[in-house]
Amino acid sequence: MTKEDDDYRPYQPIKDPEKDPCDLSFTTALAGPDPDVIRKLSPYSVLKVELSTQKLRERTVETVVALYQDSIVGTIDDVRADNLLQCMNVGRKYRGVVQRIDGGQVLIRIEPIP
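Since the structure is predicted, the reported quantities are computational estimates derived from the model, not experimental observations. (Residues numbered from 1 in each chain as written. Predicted model: local features only at pLDDT ≥ 70, side-chain atom pairs only at ≥ 80, totals over all residues. Heavy atoms only, no water.)

A. Region of the structure containing the state of the cysteines. Summed over all chains, the structure comprises one disulfide. Cys22 shares a disulfide with Cys87; S-S distance 2.1 Å. Taking the sign of the torsion about the S-S bond as the criterion, the disulfide between Cys22 and Cys87, at about -85°, is left-handed. Residue Cys22 is located in the loop between α1 (3-7) and β1 (26-29), and its partner Cys87 is located in helix α3 (residues 81-89); the two are separated by 65 residues in the primary sequence. (Disulfide = S-S within 2.5 Å. Helix = DSSP H or I, 4+ residues; strand = E, 2+ residues; numbered from the N terminus.)

B. Spotlight on the sheet that holds strand β6 (residues 105-112). Strand order in the open sheet formed by six strands is β1-β6-β5-β2-β3-β4, with antiparallel pairing between adjacent strands. If you trace the sheet from one side to the other, it starts and ends with β1 and β4 (71-75), each paired once. Within this sheet the neighbouring strands show an average axis-to-axis angle of 45°, counted without direction. Pairing analysis gives eight bridges linking strand β5 (residues 94-102) to β6, with the strands arranged antiparallel. Paired with Tyr94 across the strands is Pro112, a residue of β6. Packing against the sheet, α3 makes contact with β1, β2 (46-56), β3 (59-68), β5 and β6, and its axis sits at approximately 90° to β3. (Pairing = 2+ DSSP bridges. Axes fitted to C-alpha atoms, helices over the stretch in contact; angles between N-to-C directions. Contact = heavy atoms within 4.5 Å.)

Everything listed here is a matter of coordinates, which is why it stays silent on function.
This is the structure we're talking about:
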């Protein structure tokens, strides 16, 4: 082992203790968007972001979905979805704002509701 090996440390992001981990804002594409609901959307449409519980075989799975007029538009399947789910489970609320619709793809901006 050389001196350079001792000095090597993997990148660790600096965590700001004053930053609220539930202050989440990010843009993502919806997974499995419903074509019938997409037809009703336009850029800047506001979507509800809610938890959805489904029973799969012998376990219950919780996911985060985006709704428009009480119809599911699609699922939020992003690397930050677990954080979003945890924050929603402690009472935080979020909304989605449609940024772009391209064929069957819907790009939304997730943001907290103050």
